[in-house]
Amino acid sequence: DYSLQEANPYLNVDNPLEEGKRLWSLGELANAILHFEAAVQRDPQSSEAWRYLGSAQAENEQEPSAIAALRKSLDLNPSNMDALFSLAVAYTNESMDNSALSTLERWLAANSAYQGLVEGADINFRRPMTSSFLDRQYFGELERKFLEAAQRQPAGVDATLQNALAVLYNLSGNFDRAIDSLQAALTVKPEDPRVWNRLGATLANSDRPAEAVAAYSRALDLYPGYVRARYNLGISCMNLKSNREAVEHFLSALQLQQRGIGPDSRQQISDGIWQTLRSAVMRMERSDELLRAAEGKNVAEFARTFHQIAPSNMSSMAQHDQTN
Amino acid sequence: MDVPPPACLKSPPNIPHKLLLGPGPSNAAEDVLQAMTSPLLGHLHPEFLKIMDEVKEGIQYVFQTKNKLTFAISGTGHAGMECALVNLLEPGDRLLVVDIGFWANRATDMAERCGATVQRVVESPGKAVDAATLEKAIESYRPHVVFVVQGESSTGVCQPLEKFGAICHKHGALLVVDTVASLGGAEFYADRLEVDCVYSATQKCLNAPPSLAPISFSERALEKIKKRTKKVQSYYLDAELLGNYWGCFDEPRRYHHTGMISSVYALRAALARLAAEGLDEAVQKHKRNVQLLYIGLDDIGVSPFVQDETLRLPCLTTVAVPEGIDAKQVCDTLMSQGIEVAGGLGPTAGKLWRIGTFGMNSNEANIKRVVAAMKAALADQKHHI
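Values in this document were obtained by computation on a predicted structure and should not be read as measured data.

1. Quick word on the overall build of chain A
Per the secondary structure count, chain A includes 16 helices and zero strands. Counting across all 324 residues of chain A, residues that qualify as buried make up 57%. Counted over contacts in chain A with a minimum sequence separation of 6, partners at least 24 positions apart contribute 60%. With the model as given, the accessible surface of chain A reaches about 13900 Å², and the carbon-plus-sulfur share is 46%.

2. A few points about the confidence of the model for chain A
Should pLDDT be low for a region, the predicted coordinates there are not to be read in detail. Mean pLDDT over chain A works out to 88, with 88% of the residues at or above the 70 mark. Contacts from residues 314–324 of chain A, a stretch scored under 50 in pLDDT, to residues over four places away or in other chains number 23 contacts.

3. A look at the UniProt feature "repeat: TPR" (unreviewed entry) in chain A
Residues and elements named next belong to chain A. Within this structure's numbering, the places UniProt gives as "repeat: TPR" (unreviewed entry) are residues 47–80, 159–192 and 193–226. As annotated, residues 47–80 comprises 79% helix and 0% strand, and the C-alpha atoms at either end are separated by 8 Å. Span residues 159–192 is 82% helix and 0% strand, its end C-alpha atoms 10 Å apart.

4. Looking at the pairing of strand β2 (residues 69–74) of chain B
All names here are of chain B. Taken across its six residues, β2 has six buried, putting it largely inside the fold. Pairing analysis gives six bridges linking β2 to strand β10 (residues 212–217), with the strands arranged antiparallel. The residue bridging L69 from the neighbouring strand is F217, located in β10.

5. Focus on the nonpolar core
Membership of the largest hydrophobic core comes to 103 residues, with the highest contact counts inside it found for L104(A), F146(A), F250(A), L277(A) and F302(A). Tallying contributions element by element places helix α8 (residues 159–172) of chain A first for this core, with nine residues. Beyond its immediate stretch of four places on either side in the chain, F302(A) contacts V247(A), L251(A), W274(A), L277(A), V281(A), L290(A), A293(A) and A294(A). Counting residues in hydrophobic clusters, the runner-up holds 99 residues, among them A116(B), V148(B), A239(B) and L279(B).

6. Observations concerning empty space enclosed by the protein
All names here are of chain A. A full pass over the atoms with the stated rule returns three cavities of 30 Å³ or more. Of the pockets and cavities examined, the largest cavity occupies roughly 70 Å³. Among the secondary structure elements, those contributing two or more residues to the lining of the largest cavity are α2 (29–42) and α13 (243–258). Residue contributions to the lining of the largest cavity peak at three residues, all from α2. Residues lining the lining of the largest cavity come from more than one domain, with at least three contributed by each of domain 1 (9–77) and domain 3 (200–312). Counted as a void, the second largest cavity has a volume near 60 Å³.

7. Structural notes on helix α11 (residues 209–222) of chain A
Each full turn of the α-helix corresponds to 3.6 residues, which orients residues three or four apart in the same direction. Residue and element names in this part refer to chain A. Here α11 contains 14 residues, and its C-alpha end-to-end distance of 20 Å stays within 8% of the 20 Å for a straight helix at 1.5 Å per residue. Listing the buried residues of α11 in full gives A212, V213, A215, Y216, S217, A219 and L220. Where α11 is buried, its residues meet α10 (193–205) and α12 (227–239).

8. Considerations on the UniProt feature "binding site: substrate" (unreviewed entry) in chain B
Residues and elements named next belong to chain B. Mapped onto this numbering, the UniProt entry annotates "binding site: substrate" (unreviewed entry) at R354. According to the relative accessible area criterion, R354 is buried, its value standing at 6%. A polar contact of 3.0 Å, which involves the side chain of R354, links it to the backbone oxygen of S153.

9. Remarks on the layout of surface pockets
All names here are of chain A. Size it by volume and the second largest pocket reaches roughly 600 Å³. Every residue lining the second largest pocket is counted, 24 residues in all, and those nearest its centre are R51, F85, S86, R194 and R198. Elements with a contribution of two residues or more to the lining of the second largest pocket: α3 (47–59), α5 (81–93), α8 and α10. Its residues assigned to classes, the lining of the second largest pocket comprises eleven nonpolar, five polar and eight charged. Formed jointly, the lining of the second largest pocket draws a minimum of three residues from each of two domains, domain 1 (9–77) and domain 2 (79–190).

10. Here we look at helix α10 (residues 279–299) of chain B
The end-to-end C-alpha separation of α10(B) is 31 Å, in line with the 30 Å expected for 21 residues at 1.5 Å each. Every buried residue of α10(B) is accounted for by L279(B), A282(B), V283(B), K285(B), H286(B), N289(B), V290(B), L293(B), Y294(B), G296(B) and L297(B).

11. Let's talk about the packing of helix α9 (residues 175–188) of chain A against α10(A)
Residues and elements named next belong to chain A. Two elements in contact, α9 and α10, have axes separated by 10 Å at closest approach and are oriented at 160°. In terms of orientation, α9 lies roughly antiparallel with respect to α10. In the crossing of α9 with α10, the sense of the turn from one axis to the other is left-handed. On the side of α9, the interface is formed by F175, A178, I179, L182, A185 and L186, while α10 contributes V195, W196, R198, L199, T202, L203 and N205.

What counts, and where the lines are drawn
- Residues numbered from 1 in each chain as written.
- Chains lettered and ligands numbered in written order.
- Predicted model: local features only at pLDDT ≥ 70, side-chain atom pairs only at ≥ 80, totals over all residues.
- Heavy atoms only, no water.
- Helix = DSSP H or I, 4+ residues; strand = E, 2+ residues; numbered from the N terminus.
- Buried < 20%, exposed > 50% of the residue type's maximum accessible area, 1.4 Å probe, protein only.
- Contact = heavy atoms within 4.5 Å.
- Areas by Shrake-Rupley, 256 points an atom, 1.4 Å probe, with all protein chains shown as cover.
- pLDDT = per-residue confidence, 0-100.
- UniProt positions renumbered as here; feature names shortened; annotations may be inferred.
- Pairing = 2+ DSSP bridges.
- Core = buried A, V, L, I, M, F, W, Y, C linked by side-chain atoms within 4.5 Å.
- 1 Å grid on protein atoms, 1.4 Å probe; cavity = no way out; pocket = protein on both sides within 12 Å on 5 of 7 lines; lining within 4 Å.
- Points joined across faces, edges and corners; volume = space filled by probe spheres on them.
- Domains from an automatic or database assignment.
- Expected span 1.5 Å × (residues − 1).
- Polar contact = N/O pair within 3.5 Å; in protein donor to acceptor, adjacent residues only side chain to side chain.
- Nonpolar A, V, L, I, M, F, W, Y, C, P; charged D, E, K, R; others polar.
- Axes fitted to C-alpha atoms, helices over the stretch in contact; angles between N-to-C directions.
- Parallel < 35°, antiparallel > 145°, perpendicular 65-115°, else oblique.
- Left-handed = near helix turned anticlockwise from the far one by under 90°.

So, in structure tokens, the structure goes:
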């Protein structure tokens, strides 16, 4: 279930949904989320408001909240394509492979551009999810339908279909095909930071770390407040054994999450990021003091301790403009 | 002084507490460690000889054998392997090794040092050799001795042994079985299986410090030893001499070497624990608990390396490393939290993790803890699309 912020300064603004969308388009993620939360309190039956909230929380690297909001959106409108897509992405990240497959199938069914590929009886509770492991047969059937859809692309490249294909191929581990799809999507949307992040994550998961870093950097150039991309960049640093830089990125991500609600509020802060930050700290030297600070989960405290103990020597990776 | 007193010995050693869930040694039980603090006795004092006799009975119980030549070698598991081979092989003998992982290499090395020639009957990691295949290999190679590991700790396979003894004897060969990683965790009945020599170690399911290698030789094995044309080239591991020290024969005991007094106390305590629990119950316990581990692993999106569930060792689970994951990073992360989980060994290096749940370490709390730690460590490496 979705858990709302208690002290939301935007609860009574006019038209919180529109204002949230505007802020989001400007990359002001934390404040956009607060507005979306106000919107769902103003109008709890709005599938659209819940969907915006969910998608924004995913970018904010708050996957459990994203899933809760997106599920609510779909309860209200089971054919909300954007919600279905975002939810499929979230399930993929959480390794809930079969749930991701069935959500992608629903997405295709709801997609008016590709009618008739999915029979009505197929969707919803189609098979018992006894294991998180990808059902290869189900995957094969769905891949066929998606490829048929791809053949029917109306004019040139349908970026949303290509993104959905990329998610599908991430599930099965066909990273090369996922990368092809994302590069196709980039031909029509070269400045979409979400696609760049998705490309980075796909490259990273297929063991191409240097290219992943380049893709994340592009995503962050376009959208400096993109918490997810910054988190991913931190993981890349860990993969490349640059633990100090990894911690810097995780700290930036946490600071971004905090914007708009004040330094002492802990509600919007992601446990997931703290946990990974802690792992990176454990691999650094002089880590005991830092580890204690990490366990305190107070962003300002940790930042103080970190800059004292490990003063910055900015390398090219850390040079991405960190909004402060 | 030519060599001054080491400064490093002036301060106490750094020995952190860790949860040892690797392939061994496992954590030692409190009462077993306590037993080691009992006052020393002389290695030929009657009180100590009585303790040795009690340990012998315990070993017969845990091997499920009535073999008279049953004792504990002063040395760890490798000493058990060496003792078995050095007594049963003479230069020019043929050894057939069942190769399902790393331990075949060790046995081959040791056998070659004995002057024996070695052939292998091989299965790939994760699989076991079946009786029919073994029989064909024996028919063609006519070995004097066949060597097989029951608990293949490099792959997580528990090699089935039914019919192996009978087949060996039909063809005039002796059967040697290594139960270092399986004794007390998987079913093993030495006499029923017609095993000629079985050995194990103290530091896995027995939850004792690494120190001794329990071993037992059948009548057939003893006959071969007695018929040797040359002395066993190792005095220290000569089974007849050791058998005398351990009172296996009706003759006065002679001084052979200084027995490992405190380690024998520990082994007695470990065997007493196991006898109290019951061997069958201990095996069932491992099987029950490992099911929880399989469920936990499935929940976090990883799977056991050994696909055939009937071939899995209940006290050591191998886990396949998913694509794109840095296996060592996971081990390092867990170690920094005080949990040891190992990577692969030999043919499986880099391909899997090994999670040992030996003896008292096989319990729900440990399993939940290691699964949660692995879940977090894996999440740390996942990039989010």
